[in-house]
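A closer look at the structure
Residue strings, one per chain:
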Amino acid sequence: DFEARIGSEIREALMRYEPRIINVEVEIDTKELRMGKVYVNIKYTVRATNNPNNLVFPYYLMEGVGEL
C-alpha cells in the first residue's frame, strides 16, 4: 500500500537522522493523488534541543566552545 510505505520511509528517516525527536507520527493524504499531490503531515515531540549525534554543521564540532 502506497500510504503505508511512504509513511514508514519518512518515519524511519526521521528517527534515524533526527535524534532529538520522539513519538513520530506520519499521516499521508492522497485525496489529490490524481493531480500529482501527496500531503504529508508529521507530528513529533522534541525530547531535547541538543544532542551530540545531531547533524547540525559545523556547530557539533566544537559544542559549547566560544562566546555569545
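Before going into details, it helps to say that this report is about the structure given with it. Quick caveat, the model's predicted, so the values are computed rather than measured. (Residues numbered from 1 in each chain as written. Predicted model: local features only at pLDDT ≥ 70, side-chain atom pairs only at ≥ 80, totals over all residues. Heavy atoms only, no water.)

Glancing now at the overall build of the protein chain. Each helix and strand counted, the protein chain has 1 helix and 2 strands in total. Going residue by residue from the N terminus, the α and β elements of the protein chain occur as α-β-β. A buried classification covers 13% of the 68 residues belonging to the protein chain. Across the protein chain, every contact between residues at least 6 apart in sequence was considered, and the portion connecting residues at least 24 apart equals 38%. Accessible area of the protein chain: about 5900 Å², with a carbon and sulfur share of 54%. (Helix = DSSP H or I, 4+ residues; strand = E, 2+ residues; numbered from the N terminus. Buried < 20%, exposed > 50% of the residue type's maximum accessible area, 1.4 Å probe, protein only. Contact = heavy atoms within 4.5 Å. Areas by Shrake-Rupley, 256 points an atom, 1.4 Å probe, with all protein chains shown as cover.)

Let us look at the pattern of salt bridges. Applying the stated rule across the entire model yields 4 salt bridges. For glutamate 27, the salt bridge is made with lysine 43, and the minimal N-O distance between the two is 3.6 Å. Placement of glutamate 27 in strand 1 (residues 21–29) and of lysine 43 in strand 2 (residues 39–46) is noted, with a sequence separation of 16 residues between them. For glutamate 27, a relative accessible area of 38% gives the class partly exposed. (Salt bridge = Lys/Arg side-chain N within 4 Å of Asp/Glu carboxyl O.)

By secondary structure assignment, the location of glutamate 18 is in the loop between helix 1 (2–17) and strand 1. Among the polar contacts made by the side chain of glutamate 18, one reaches the side chain of arginine 20 at a distance of 2.7 Å. (Polar contact = N/O pair within 3.5 Å; in protein donor to acceptor, adjacent residues only side chain to side chain.)

Coordinates in, geometry out; function isn't part of it.
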